[in-house]
Amino acid sequence: MISFDRVTYTYAGASSPALVDVSFAVEPGEFVVVAGLSGSGKSTVVRAACGLVPHFHGGEFGGRVVVEGLDTREHGPGEIAAVAGTLAQDPETQVVLGTVRAELAFPLENRGHGAAAIARGVEEAALALGIAHLLDRQTSTLSGGELQRVALAGALAGRPQVVLLDEPTSQLDPVAGDELVWLLRRLNEEWGTTVVLVEHRLERCLPAADRVLAFDRGRLGCDAPPRAFLEWAAAEAPPLETPAARLLARAGLRPPPTGVKEARATLRAHGLLPDEGVRPLESTPLKGSDPGPGGRGRGPLRRLLGGGRSAEPAALRFDGVWHELKGGRALLRGVDLVLRPGERVALVGRNGAGKSTLLRHAAGLLQPTRGTVEAAGRVALLLQNPNDYLLHERVGDEAPAAARAAAGLDVAEDRHPRDLSGGERERLALAVVLGADASPPAAVCLDEPTRGLDRAAKDELAARLRGLADAGSAVLVAVHDPEFAAVFAERVVLLADGRPIADGSTSDVLAGGWYFATETARVLGGAGGALLPDEGADLLLRTTTAQMTP
Amino acid sequence: MIYERRASPMHAARAAASGAWCVALAGAALAFHHPVVLGALLVAVLGGAAGARVGGEVVRILRFALPFALFVALINPLISRNGLTVIARLGEVPPFGELDITLEALAYGATFGLRLLVVVLAFAVATYAVDPDEVLRLFRRVSFRSALTAALAVRLVPVLHSDARRLAEARRCRADGEASRMAVLRAVTAGALDRATDVAATLEVRGYATGGRSQAAGRPRSRHDRWFMASAAAVVALAVGAKAGGIAAFQAFPSLEMPVGAAELVLAAAFVVVALLPFLDRRGIAP
């Protein structure tokens, strides 16, 4: 179906190759996940498979890529499109026409299908993706999740044998992201469509995968089924391990699970799940879960709810904040929220729940139509796309030296901001909004800062945010990634339909949910409020010890 | 500037019919200088915008277009040396030299501004109420690449608008607040290139370059197609008939001749009536 034979590729103007001597083959009907850290060459694999490399991007290309019998050196992306549908990260640039129906018809028209075949192809793609009700909608009115589904339907119209996807869930909330992955699995199982999926959040897609290709600095490091990949990752590339795999590995349990179901099966086999009736996991709070200055447990944090109950002054206070669109719906509905100095709060919720709107109100970019927002000083806001803050030709011109040094970018002064990695750009943009003031801002707000970041970059970001909180700023982060929320936050606010519907300690909110829960919490069923693999492993070890104690 | 399907007779008609209506009104405006006729066409266009439920959007365009129309109206008497009826002697005014304002030049400028306004607003109605995808289908038979380029350019407008808004927001969030508007403009321009590249890549992987040029079946003909086609034809017929019959003739120079009789008034009323009749039939207009 797809074969890479000793492929080496260097982008035009790049100093080092993006792919180095890569060889692998994908069989018909396989579901293959492509993994790797940022800059490892994952996206280039997709671009090479769909023919954009080298035909569109130029550069130096060596080796051979064949897709369904078409050699990409001789056949361009247009011809390969007849056998392989492609979907990239940003749904906004994936849709080129005004209505959903026209968008789905466009690739079929380009292939010269007749009117009846086009109508059928459009209808079938819409039904397969569950977007038949959107066919006559304007693409400009669709949400991010809807737009991504439409783009996927456009890629699938005409039933290509292969679909190539480059981080299609990066801009989706956990619900929409999971739905998209399971939709791909259904297409794979029911239509026999071969799926090649590039994804950072492996815990989301490994249960659906037949094979994993892991890349490291352009080289293929691992080509194996998910379980063997996890064993390789544990030894060679720990940042690629899934939370469930880390949980079991740290608890000394084998084999590494590819998903929640397998992890729970392993725990059951060891008598560590309550439904086996041996001796359930302890549900007592974890050691160290007391909130303290840097903790994220229960108890005293409850004082933060309801606003104004604490004697501590608020760093940021939302008091009955409404945001109502003229002639439209209300984006915020009477939000009451208080953040104390040094507090680290994660704001979670579906796309369109009002998270970004709330952050804009915090920074004064929007004014409430009712209610008030008060801050004890300056509010720094980092919006979703860090590139929007990078306006100059040199890193050194973007932010003062002290701010760059605090972001760990003091050695990159002469580099072009666009040449930085995703994580570095995020840190530089944060330096731009923080500035070099001696006194920290009263509050620092970030909107989806983890998009496209690998685990190492997320850990760096979490450490930086903890540092800001330690310096006295309240930190409020809107985030779709529960794993990041668990690492960074001590309190989580779940927003739905423009108002908070849950507000509590990280353990309380993220351990008890399903979509808005970490994988560790899902494996352990929320026991003990454990959210991260190390906490979960600690809980498992204590339970095992307790079982062995007479 | 985004087309959005709404519950109106104009949106219910196919692009060929609703587009023809807009072009007919713009064409009629270009054919006449008579202010009564131009005024009637302006009423027809604004009435049509209201009937198509895009009145608010078109009024916003009107706010932008009005200063341009006034500029045209006022600049003409300053640069025109024609006309016999001097209404003001301004003497030596650099860079225009000896300046006499004539009634004829003023009237000609005013009608030209009015004409500009009608044409701009007719195309504004087309932008908001004529499906651009159907327009693309109409023109792709003639010149596929040009039509696609035009359609994509139109699509990039809202995308770049949202990019510019995001960058402006980011600029407000900078701690130093020092980023110049030029830096933002440069970033938007660079972003536009990135966007164009992304869209071009999408076109490639959707098979645009393969050369197949079939078309999906369009919407079935509806009663509204007939109404708007008939209305457009009637507007053209009225314009041709009036021109042939010498009705609503207008001459600015050397002296102003602008008859306003029963024929001109009937013609103006006829333009309004035939242009707005299609909006009365509101059956089957839901999207």
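About the criteria used
- Residues numbered from 1 in each chain as written.
- Chains lettered and ligands numbered in written order.
- Predicted model: local features only at pLDDT ≥ 70, side-chain atom pairs only at ≥ 80, totals over all residues.
- Helix = DSSP H or I, 4+ residues; strand = E, 2+ residues; numbered from the N terminus.
- Buried ≥ 20, exposed ≤ 12 C-beta atoms within 10 Å, placed from the backbone.
- Contact = placed C-beta atoms within 7 Å.
- Rg over C-alpha atoms; globule rule 2.2 N^0.38 Å.
- Nonpolar A, V, L, I, M, F, W, Y, C, P; charged D, E, K, R; others polar.
- pLDDT = per-residue confidence, 0-100.
- Pairing = 2+ DSSP bridges.
- Arc of directions from axis to C-beta.
- Core = buried A, V, L, I, M, F, W, Y, C linked by C-beta atoms within 7 Å.
- Axes fitted to C-alpha atoms, helices over the stretch in contact; angles between N-to-C directions.
- Parallel < 35°, antiparallel > 145°, perpendicular 65-115°, else oblique.
- Left-handed = near helix turned anticlockwise from the far one by under 90°.

### Some details on the overall build of chain B
Part 1 of the argument: Scanning chain B for helices and strands turns up nine helices and two strands.
Part 2 of the argument: Ordered by position from N to C terminus, the α and β elements of chain B give α-α-α-α-β-β-α-α-α-α-α.
Part 3 of the argument: Sorting the 287 residues of chain B into buried and exposed places 39% on the buried side.
Part 4 of the argument: A fraction of 79% describes how many contacts in chain B between residues 6 or more apart in sequence connect residues 24 or more apart.

### Quick notes on the overall build of chain A
Part 1 of the argument: Of regular secondary structure, chain A possesses 20 helices and 19 strands.
Part 2 of the argument: Expected size for 550 residues packed as a compact globule is a radius of gyration near 24 Å; at 24 Å, chain A falls within 12% of this value.
Part 3 of the argument: In chain A, of all internal contacts separated by at least 6 residues, the share reaching a separation of at least 24 is 66%.

### So, the interface of chain A and chain B
Part 1 of the argument: Facing 51 residues of chain A, the contacting portion of chain B comprises 44 residues.
Part 2 of the argument: Mapped onto the side of chain A that touches chain B, the elements with two or more residues apiece are α3 (77-80), α4 (100-110), α5 (115-129), β15 (379-382) and α15 (422-434) of chain A.
Part 3 of the argument: Here the side of chain A that touches chain B takes six residues from α4(A), the largest share from any one element.
Part 4 of the argument: Of the residues assigned to the side of chain A that touches chain B, the class counts are 25 nonpolar, 18 polar and eight charged.

### A closer look at the confidence of the model for chain B
Part 1 of the argument: Across chain B, the average pLDDT comes to 87, with 90% of residues at or above 70.
Part 2 of the argument: Taken together, the chains of this predicted complex give a pTM of 0.76 and an interface ipTM of 0.74.

### Focus: the pairing of strand β12 (residues 330-339) of chain A
Residues and elements named next belong to chain A.
Part 1 of the argument: As paired elements, strand β11 (residues 316-324) and β12 share six bridges and run antiparallel to each other. Bridging across to β12, Glu-324 finds its partner in Ala-330.
Part 2 of the argument: From the end of β11 to the start of β12, which pair antiparallel, there are five residues, and Gly-327 there has a positive phi angle of about 70°.

### Some details on helix α11 (residues 260-269) of chain A
Residue and element names in this part refer to chain A.
Part 1 of the argument: Of the positions making up α11, those classed as buried are Val-260, Glu-262, Ala-263, Thr-266 and Leu-267. Along the axis of α11, the buried positions cluster into a sector of 165°, meaning they face one direction only. Across α11 from its buried face, at more than 90 degrees, point the exposed residues Ala-265 and Ala-269.
Part 2 of the argument: Tucked inside the fold, the buried residues of α11 contact α10 (243-250) and α19 (519-524).
Part 3 of the argument: Two residues or fewer after α11 comes Gly-271, characterised by a positive phi angle close to 70°.

### Section: the nonpolar core
Part 1 of the argument: Counting 185 residues, the largest nonpolar core has Ala49(A), Val196(A), Ala362(A), Leu381(A), Ala443(A) and Leu476(A) as its most contacted members.
Part 2 of the argument: Once you skip the residues sitting within four places of it in the chain, Val196(A) turns out to touch Ile2(A), Val26(A), Val32(A), Val34(A), Val46(A), Ala49(A), Val162(A) and Leu164(A).
Part 3 of the argument: In this structure, Ala12(B), Ala73(B), Leu121(B) and Ala232(B) belong to the second largest nonpolar core, which totals 64 residues.

### Points about the environment of Leu390(A)
Part 1 of the argument: The residue Leu390(A) is located in the loop between β15 and α13 (395-398) in this model.
Part 2 of the argument: Each residue touching Leu390(A), except ones within four places of it in the same chain, is listed here: Glu398(A), Pro417(A), Arg425(A), Leu428(A) and Ala429(A).

### Some thoughts on the sheet that holds strand β3 (residues 31-36) of chain A
Residues and elements named next belong to chain A.
Part 1 of the argument: Strand order in the open sheet made by the six strands is β6-β7-β8-β3-β9-β10, with mixed pairing throughout. Of all the strands in the sheet, the pair left with one neighbour each is β6 (84-87) and β10 (219-224). Adjacent strand axes in the sheet meet at a mean angle of 15° when their direction is disregarded.
Part 2 of the argument: In this sheet, strand β7 (residues 162-166) lies alongside β6 in parallel orientation, the contact comprising four bridges. Following the sheet pairing, Leu-87 is matched in β7 by Leu-165.

### Some details on unusual backbone geometry
Residues and elements named next belong to chain A.
Part 1 of the argument: Of note, the bond from Val-53 into Pro-54 is cis; its omega dihedral lies within 30 degrees of zero at 5°.
Part 2 of the argument: Considering the arrangement of structural elements, one finds Pro-54 in helix α2 (residues 52-55).
Part 3 of the argument: For the bond from Arg-254 to Pro-255, the omega torsion is -5°, close enough to zero to count as cis.
Part 4 of the argument: On the secondary structure map, Pro-255 appears in the loop between α10 and α11.
Part 5 of the argument: Non-glycine residue Arg-217 carries a positive phi angle of around 45°.
Part 6 of the argument: Positionally, Arg-217 belongs in the loop between β9 (211-216) and β10.

### Description of the packing of helix α4 (residues 55-79) of chain B against helix α5 (residues 103-129) of chain B
Residue and element names in this part refer to chain B.
Part 1 of the argument: The contact between α4 and α5 brings their axes to 8 Å, and the two run at 160°. In this view, α4 runs roughly antiparallel relative to α5, as classed from their interaxial angle. The chirality of how α4 crosses α5 is right-handed.
Part 2 of the argument: Per-class residue counts for the contact of α4 with α5 are 25 nonpolar, three polar and one charged.

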